[in-house]
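# Observations on chain architecture
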Amino acid sequence: MDWHRQPLIGFDLETTGTDVETDRVVTAAVVRVEPDGAVSAEQTWLLDPGVVIPAQASAIHGISTDHVRACGVPAAAAIEEIAEAVAGVLRSGAPLVVMNARYDLSLLDRECRRYGLESLGERLGVAPAPVVDPLVIDKHVDKYRKGTRALHALCAHYGVPLDAAHDARADAVAAAGVVRRMAERHRLVGAMSAADLHDLQVRAAAEQSASLQAYLRRTSSPTAVVESAWPVVPRGR
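Notes on the structure in this doc start here. (Residues numbered from 1 in each chain as written. Predicted model: local features only at pLDDT ≥ 70, side-chain atom pairs only at ≥ 80, totals over all residues. Heavy atoms only, no water.)

### Describing the pattern of salt bridges
Taken as a whole, this structure holds 14 salt bridges when the rule is applied. Among the salt bridges present, the one from Arg-110 reaches Glu-21, with a minimum N-O distance of 3.0 Å. One end of the pair, Arg-110, is in helix α4 (residues 101-114); the other, Glu-21, is in the loop between β1 (8-15) and β2 (25-33), with 89 residues separating them in the sequence. The class of Arg-110 is buried, set by a relative accessible area of 2%. By relative accessible area, Glu-21 is classed as partly exposed at 27%. The salt bridge involving Arg-235 is made with Asp-109; its shortest N-O contact spans 2.6 Å. Taken together, the residues span a long stretch of sequence, with Arg-235 in the segment after α10 (194-219) and Asp-109 in helix α4 at a distance of 126 residues. Since its relative accessible area comes to 34%, Arg-235 is described here as partly exposed. Residue class for Asp-109 comes out buried when judged on its relative accessible area of 11%. (Salt bridge = Lys/Arg side-chain N within 4 Å of Asp/Glu carboxyl O. Helix = DSSP H or I, 4+ residues; strand = E, 2+ residues; numbered from the N terminus. Buried < 20%, exposed > 50% of the residue type's maximum accessible area, 1.4 Å probe, protein only.)

### A look at empty space enclosed by the protein
As enumerated under the stated definition, the model contains 1 cavity of 30 Å³ or more in all. Forming the boundary of the largest cavity are Val-136, Ile-137, His-140, Val-141, Val-189, Leu-200, Gln-201 and Ala-204. Mapped by element, the contributors of at least two residues to the lining of the largest cavity are α6 (134-141) and α10. The element contributing the most residues to the lining of the largest cavity is α6, with 4 residues. (1 Å grid on protein atoms, 1.4 Å probe; cavity = no way out; pocket = protein on both sides within 12 Å on 5 of 7 lines; lining within 4 Å. Points joined across faces, edges and corners; volume = space filled by probe spheres on them.)

### Regarding the side chain of Asp-104
Tracing the sequence through the fold places Asp-104 in helix α4. In this structure Asp-104 is buried but unpaired, with Arg-102 as the nearest side chain of opposite charge at 11 Å. Those residues in contact with Asp-104 that lie beyond four places of it in its chain are Phe-11, Asp-12, Leu-13, Val-98 and Met-99. (Lys, Arg positive; Asp, Glu negative; His and termini not counted. Contact = heavy atoms within 4.5 Å.)

### Overview of the packing of helix α7 (residues 151-158) against helix α8 (residues 168-185)
Each pair of packed helices can be described by the angle between their axes along with the distance between the axes. Contact geometry for α7 and α8: axes closest at 10 Å, N-to-C directions at 45°. With respect to α8, the axis of α7 lies oblique. In the packing of α7 onto α8, the handedness of the crossing is left-handed. Every residue of α8 that contacts α7 at Leu-151, Leu-154, Cys-155, His-157 and Tyr-158 is listed here: Asp-171, Ala-174, Ala-175, Val-178, Arg-181, Met-182 and Arg-185. Residue composition of the contact of α7 with α8, grouped by class: 8 nonpolar, 1 polar and 3 charged. (Axes fitted to C-alpha atoms, helices over the stretch in contact; angles between N-to-C directions. Parallel < 35°, antiparallel > 145°, perpendicular 65-115°, else oblique. Left-handed = near helix turned anticlockwise from the far one by under 90°. Nonpolar A, V, L, I, M, F, W, Y, C, P; charged D, E, K, R; others polar.)

### A few points about the sheet that holds strand β3 (residues 39-48)
The strand order across the open sheet formed by 6 strands is β4-β3-β2-β1-β5-β6, and the pairing between neighbours is mixed. In the strand order of this sheet, the two ends are held by β4 (73-74) and β6 (131-132), each with one partner. Pairing analysis gives 2 bridges linking strand β5 (residues 96-97) to β6, with the strands arranged parallel. Counted as the bridge partner of Leu-96 is Val-131 from β6. Lying over the sheet, helix α3 (residues 75-92) contacts β1, β2, β3, β4 and β5, oriented at roughly 155° with respect to β3. (Pairing = 2+ DSSP bridges.)

### Description of the side chain of Glu-14
Residue position: Glu-14 is located in strand β1. Comment: no salt bridge for buried Glu-14; closest opposite-charge side chain is Arg-169, at 13 Å. If near-sequence neighbours (up to four positions away) are discounted, Glu-14 is found in contact with Arg-24, Val-25, Val-26, Thr-27, His-61, His-166, Asp-167, Ala-168 and Asp-171.

### Some thoughts on the pairing of β3
In the sheet, β2 pairs with β3 via 7 bridges, with the strands oriented antiparallel. Across the sheet, Arg-32 pairs through a bridge with Ala-41, a residue of β3. Between β2 and β3, which pair antiparallel one after the other, the connecting turn spans 5 residues, and Gly-37 there sits at a positive phi close to 95°. Relative to β4, β3 runs parallel, the two being bridged by 2 bridges.

### Observations concerning the environment of Arg-180
Looking at the secondary structure, you find Arg-180 in helix α8. Excluding residues within four positions of it along the chain, Arg-180 makes contact with His-4, Arg-5, Gln-6, Pro-7, Leu-8, Val-33, Glu-34 and Pro-35.

Structure (structure tokens):
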């Protein structure tokens, strides 16, 4: 059966910022989305990250430091649960849908290191796969479309509802909907196996990074270095 005609598992994080090396997870969701779009299972987490949530981040996802201190669970225990839930999805062979996987999965990796927990790779014994990233796929199949590639823009372009942007559960569900529409619209993507699609994204993400790096060096930053690894940036870079 085609990968996009099976249940898909969406994964999303909301965080304290955009730096995978220093920022923390605030909320997380792992959501099973059936082919008809119905949510058949879900796990969600609200964490106390142990640091102040910057106002800029709170303005995006609506979660304050006071709220997580009052209602959030300790970060170390939650990160263990999140990592094991994601590893369980990948062990099953089900496609894990992650918008901008390079960010979310790398941040999860760093959180595991922060708390002395096994990474996804260590739990699985192999690199995390199969991952389906609507950001990487969209840039690959529609290279020259202008405008933002943020999730809300992809939802609008592919006709997928996004009920509450920057809510981890809503974003995970929407990302799964977007990749289904991509697979239906772009037959080559839909016809590939999940494993072959994962390998395509590894190559596409590297090509996209190289293109961006060349552009930055040519226009604004002669020494710019853009990360090419996907879906997890190796530690120490």
